[in-house]
Every structure is written in structure tokens, then in C-alpha cells.
Amino acid sequence: MSRGIYVSATTPGSGKSLVALGVAEALHARTGRIGFFRPIVTGDSPDTDPMVALMRSRFALSPTVCRGGLTAREVRRLLAAGKREEIDSRCVEVYAEIAALVDIVIVEGTDLTGQDSAVEFSLNARLANDLGCPIIAVVSGRERTPAEIADAVDVARKELAAARCSLLAMMVNRADPEQIGEIGAVMRPGVHHLPVYIVPELAEISRPTTGEIGGALRLRQLAGTADMEREVRGVKVAAMSVANFIGALEDGDLVIVPGDRADIMVGALASTFSPEFPVPAAMVLTGGLAPDPHVLPLLAQAPFPVFAYDDDTYHAARGVAEVRSEIWTGHRRKVASALGAWAKHVDDAELVGRLDLPRPETMTPLRFLHELIGRARTQRKRIVLPEGTDVRILRAADILHRRDVCDLMLLGNESTVRELAAANGIALGGIDIVDPATSELRERFAEEYARLRAHRGVDLAKALETMLDVSYFGTMMVQLGIVDGMVSGAAHTTAHTIRPALEFVKTRPGVKIVSSVFLMLMEDRVLVYGDCAVNPDPSEEQLADIALASAETAAQFGVDPRVAMLSYSTGGSGFGESVDKVRRATELVRSRRPELAVEGPIQYDAAVDASIAATKLPGSDVAGQATVFIFPDLNTGNNTYKAVQQSAGAVAVGPVLQGLNKPVNDLSRGCTVEDIVNTVAITAIQAQQATAATVTAATA
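Here the structure is a predicted model, which means the values were calculated and not measured.

(A) Representation of the nonpolar core. Formed by 82 residues in total, the largest nonpolar core has its most connected members in I5, L27, F36, F37 and M55. With eight residues, the top contributor of residues to this core is helix 1 (residues 16–31). When residues no more than four places from it in sequence are discounted, the contact partners of F36 are A20, M51, V52, M55, L61, V65, C66, R67, I98, V105, I106 and E108. Judged by nonpolar contacts, the second largest core, of 63 residues, contains A336, L394, L548 and V677.

Rendered as C-alpha cells:
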């Protein structure tokens, strides 16, 4: 039977949407089948509610399980007509339709506007009872002392108890980050003595973006980039000389200027050419005045959007000041910041444990990727990204930092990296940047490299030159334990990325070959494909090594390894050099890991389809239920993973390198920001495993 959770504000301005998002993230990772319901929406139609849209997009939910109920206008009309029961019955009806299709439904109640707070509180309490949902009650900590927050929590507990509501959890949101410890110290325990979670105010969520301001004021874009996710950190109305304006300008400012002030426009643009000067978030040209024809081509090169506004400067500034930013706008960085704060301040396992939900047997792509991020956070690791001058890397670093996944280090000239980040509206606060050319580590790394490669004729002079290469520098950081892992390849070939690791990180004891796997995220399960990226034509010994390493990688990521050694023949039905190679490799695997479920040679259809397996290879522990697929050569493996990815809609995560002493992972040069985020999380998890193995070996 499906269950529900009702997320309800108990004070105005609580920011409960962040809590609803965090709860959905935690439950989706636990159950896989969630629904979302907003009984009352503020817009003109339940189908266009922005929070509903965010949940649909974030968790790939269909409109049948992610819906709104009634509009606020309808609710006011029904209340005025004395038809309160109709509100209840319609909400219960929609909730029941969603609940029939999922394991758990997150219900987000109304905002308390301050005008009808008592009515809304009563409405939310009654709806929660009608739907049979325990409540997560959210108290705003904004502009309150710790004592006032503790009192507000007590009041909410008493009012919900009086309404006979079942209270699942109390949460304080939008608290002063400097007062979280003090708030926790004065918080009084509830009846069940469960923790009250306290989440701080996040400036990056409350800051509007260029897109939000552009939409609210109906601005027209005249020039510049179309980046609508740039954060607006301040507003500058340019009514002064250029010199004074530049002195007052700060990074992320929205510049409001009359359309005939060419001097200010050129000054703001010139500011972006030097890393010592700030970069605006956007520029709004007011008064309906078109810029000088000689200036417009310059503005076209602006690394920020340039908008036109028909009204005057005063009305533009007032309009911007009234723009309210919300998490439900769905901007990737806002969502990342919210989930990062949630992960840092809320114990998901404890909170979800209060519901005693069973874990599902299936594994969807989204659940798997959510679990990756969660596992990466459990034991904090430091990952180096050598390609600090690639915008995708910078965007991924920003997302990873906001989500609090791991500690990061970027390589590159610091001025160049920061200038590129500023030009693209990317925040790098809290992320270290190291320039191999000027770093004091370079000489130490060169000495170590010369020592390790002396047998190859490498002297100190050559080693110093080699350490200017970011791949070598980053890999040496991994080798010497300055960082725990490296992710590269967005702008370099696979060979360039892994060559340094092959030279001095080397393979683990008992492993003779570095190989790779792709984690293939199917609709309801995760499969492991190896080797699809590194070894063109492995020998039987190498094929056995790849199989054993792939089985170990599968287990690391929660996949029970049942290994299929693939060929064009199943069992003893075929002969030939390639089939014999797979047969001998299978025997090697069995001799080295007798307890491992492995079958080969076997065709792909017999490995995945139980009915075909029953005919071709009856009685096999692997046939029809394989989870790890070992391809006989790179040509077969690479083409197969791409065919499955493109034709079956699978999400391919990787390549994940395996067999090295320490984690180094490769990216495709066509990778997306999401690919980089996922690969960094995988690398952090591998680093956790490497640490655990080292500790085990040291205590053995």
C-alpha cells in the first residue's frame, strides 16, 4: 500500500519547497517509485505549476504521478461558497490516483502568505489528515533569534497535535548559518525525542538569475550570451562617470543603464577583459533607447546577456528589486545548492527510517546516479580535475561543490581559470586552483618522476618539463597522496589521460592490465560492460584479468556479479581461434575465483534472455541473468555499448578505469557536465574503496 508525506509550512516564508525537494531526493533513492502532489497551486492551472514541473523534470515523473490539484482561486471560491468538503474530496481523489501507481507520494502544502495564515494552516492540517499523511512541518528561521525559533517549533507541535495530525518531523529552514549551533542547543525535544533538522539560508537560492529577471520584466535580449542561469548578486544603476562606475562595479552585478550611455556600456565590456576587474551578470539598457550602431557590434561579444527595456531606469530598478527567486525555477545550480545543503544538514537514513519503507528490487538510472552522489559524500575525498580551462569542467566543479559531493582541485593558470569562470558566470569559491608552472610542488614531483623513470633515461631537467603537462602533474598528485583521485579526458585523449598512470601509478598486485567498464543504466537494472575503451585485442590472460576486475567493479557499485564471457558461440557449439580464446579465458577466471559465477563462451542473447538460455545453456547460473558482460575485443565492445546506448535508451556511465593502484578516470571528449559530475562521484567511491583496502592490508 502506498504511503504519503505532507510537507507543510507552519510559518510564512519557510522555503518548504527546498524540504519537499530534499525529501523527494531521499525517497527516490530509497524506493524508486515516487509521486508528487500539490493540492493547491498559486498559478492559473495545476498543469503549469512550476514546482510540479521541477519534480517532473528532476525525477523523470510522468504527469499521471506528478500533479497539481486545485488553483488558489478555485479554493477561495469554494470556501466563500461554503463548499469546503469539495476541496477535500477533489484532493483526495487526485491523491488516490497518484498513490495507486507509486510507493510513496510527497505532498507539498500551501505557502502561508501572512494574510490568511490561520486558514491555510487549518487547511493543510485537515488535508494531511484526509490523505492519511504524516507531516513534515517546516518553520522559518529567517530574521528570528534562536530562542524565537525554538518557541515557533513548540507552537507548531502544539497546533498540529491539537489538529490531531501525525507529526513525522520538525524542520527549521532558512536559519542564519552562523547560528545553527546555537539554535540546536536551545531546541527542546519533542514527544519522541527525535532530532529537529536545521537547514541554513542559502544566498545562492534567493538570488535571482538573469533569466528570472528577463522573464519578470519581459526584457528583450539585444546582444551578448544567452546564459540565463547567471546569478545576479547585486544591482548597479549607472548614473555616474565611467571611472566611478567601474570602481563601484562588483562581480555578478546587474547593470541598469540608459540606452544612450555608450561610455558605461564600453566600460562594463572592457571590465570583462581583465581578471582583475569584475564581470557583470547582465546589462539592461533602459528608456527604449537603441545603443549607438558603433557600440552594438561590441556588445555582441559580451560574455553576459544585454537586454533592452522600454520604460525608464527608475521603473527598471524597481522591477528588478521585486523579482523573487525560487528553487522551483529548476535552475541546475540552485537545485545543486539546495541538495548540497540538505545532504550536509539532514540525515537521510534517519529521516527515511522513520517510515520503515522496503527497498525496491529494481534499479532505475536516476536512482543509481542519486546513490552514486550519496555514496561519494559518505567518506569525503579530494579529486583533481586537470582540465581547468574547459568550461564543462568548471560548470561540473561548481555543481559538485554546491552539492557538497567531495573536495576539488583544478589545474591551470589561476588568472585564466578565474577569468573563464567569471565570464561564464561560474562560482569557484571553495575550490583550489593550482598552476603546475608556478607551483612549489613541481620540483618535488619532478624529482619523484625522475627517480621512478630513471631506468628510462629521465633526468631532472626532462622531468621538470614533463610536470608542466597537467595530466602528469595531476597523476603525480594522486601518486603522492595529495589528492585521492583524478578525472580527465574532456580535452585530452584516453591515451594522454592514462599514460602517466601506466608509467608510475601502476596496476594493483595480481593485476596485469588496466581496463575499463561502462556502467549501463537500463530501465530497471544496471549492467556492466568491459572492456569497451582501452584494450584493442586482449589475450586470454588479459581477458581473464578484465573479467575479474569488472566483477570487482560491479560489486563496488552494488551489482551482484554474474559474468558472461561473450562470443559468437554458446557453450561447446562453436570452434575457432576467437571462441577458443574466450573458452580458455573463462577457465582461467574459474581457477582464480572458483566462487564467482561465470559462463563462457556465451552469446549475448543467451546471457540476457532466460527463455533463450533455457534452450542454449540449461542449468547455467549465469545464462539468462548475466550482469557483467566481457567482450572479446575493443571493436565488439565499443560498438555494442554505443548501439545499446543509442537504440535502447540506456545511460552509459564511464569509461570507468580499473586495475590501477589508485583511481584515475577518463572522460569522453564529447562528455556533458552531467557525465563529469557522475565520473567524479565514481572516482570518489573508488578512492573510498582504495582507502578501505589499504587499511585492511595494514591491519592484516
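(B) Summary view of the side chain of D253. Structurally, the position occupied by D253 is in strand 10 (residues 253–258). A residue is classified by how much of its surface remains accessible, and D253, at 3% relative accessible area, is buried.

(C) A look at the sheet that holds strand 23 (residues 664–666). Taken in spatial order, the five strands make up an open sheet running 15-14-13-16-23, and their pairing is parallel. Of all the strands in the sheet, the pair left with one neighbour each is strand 15 (432–434) and strand 23. Taken over all neighbouring pairs, the strand axes of this sheet differ in orientation by 25° on average, direction set aside. Across the sheet, helix 21 (residues 470–479) is in contact with strand 13 (382–385), strand 14 (407–411), strand 15 and strand 16 (485–488); its angle to strand 16 comes to roughly 160°. The sheet contacts of helix 22 (residues 494–505) involve strand 16 and strand 23, and relative to strand 23 the element is tilted by about 170°.

(D) Structural view of the packing of aromatic side chains. Applying the stated rule across the entire model yields eight aromatic pairs. Ring centres of Y529 and Y604 lie 6.2 Å apart, and the angle between their planes is 90°; on these two criteria the pair is classed as edge-to-face. With Y529 in strand 18 (residues 526–530) and Y604 in helix 25 (residues 604–608), the pair connects residues that are 75 residues apart, well separated along the chain. Taking the relative accessible area as the measure of exposure, Y529 reaches 0% and is therefore buried. With a relative accessible area of 28%, Y604 lands in the partly exposed category. Measuring from ring centre to ring centre gives 4.9 Å for Y604 and F629, while their planes differ by 25°; the resulting arrangement is stacked. Of the two residues, Y604 sits in helix 25 while F629 sits in strand 21 (residues 628–630), which places them 25 residues apart along the sequence. Judged by relative accessible area, which is 0%, F629 ranks as buried. An aromatic cluster is defined as three or more aromatic residues linked by ring pairs; in this entry it consists of Y529, Y604, F629 and F631.

Rules behind the numbers
Here the residue index of a chain counts from 1 through its sequence in written order. Reporting in this predicted model follows two pLDDT cut-offs: at least 70 for local features of residues, and 80 or more for side-chain atom pairs to be given and counted; totals over whole chains, interfaces and linings ignore these cut-offs and use all residues. Computation of side-chain values: all heavy atoms of the structure, hydrogens and water removed. Here the nonpolar core consists of buried residues drawn from Ala, Val, Leu, Ile, Met, Phe, Trp, Tyr and Cys, with membership extended through side-chain atoms lying within 4.5 Å. The buried label goes to any residue with under 20% of its type's maximum accessible area, the exposed label to any with over 50%, and the partly exposed label to all in between, with areas taken from a 1.4 Å probe on protein chains only. Going along the chain from the N terminus, every DSSP run of H or I of four or more residues is numbered as a helix, and every run of E of two or more is numbered as a strand. Throughout, a residue-residue contact means that at least one pair of heavy atoms, one from each residue, lies within 4.5 Å. Paired strands are those between which DSSP finds at least two bridges. Only the contacting stretch of a helix is used when fitting its axis, a line to C-alpha atoms as for every element, and angles between N-to-C directions run 0 to 180 degrees. Only Phe, Tyr and Trp rings take part, Trp by its six-membered ring, and two of them pair if their centres are within 6.5 Å. Stacked means planes under 30 degrees apart, edge-to-face means over 60, and tilted covers everything else.

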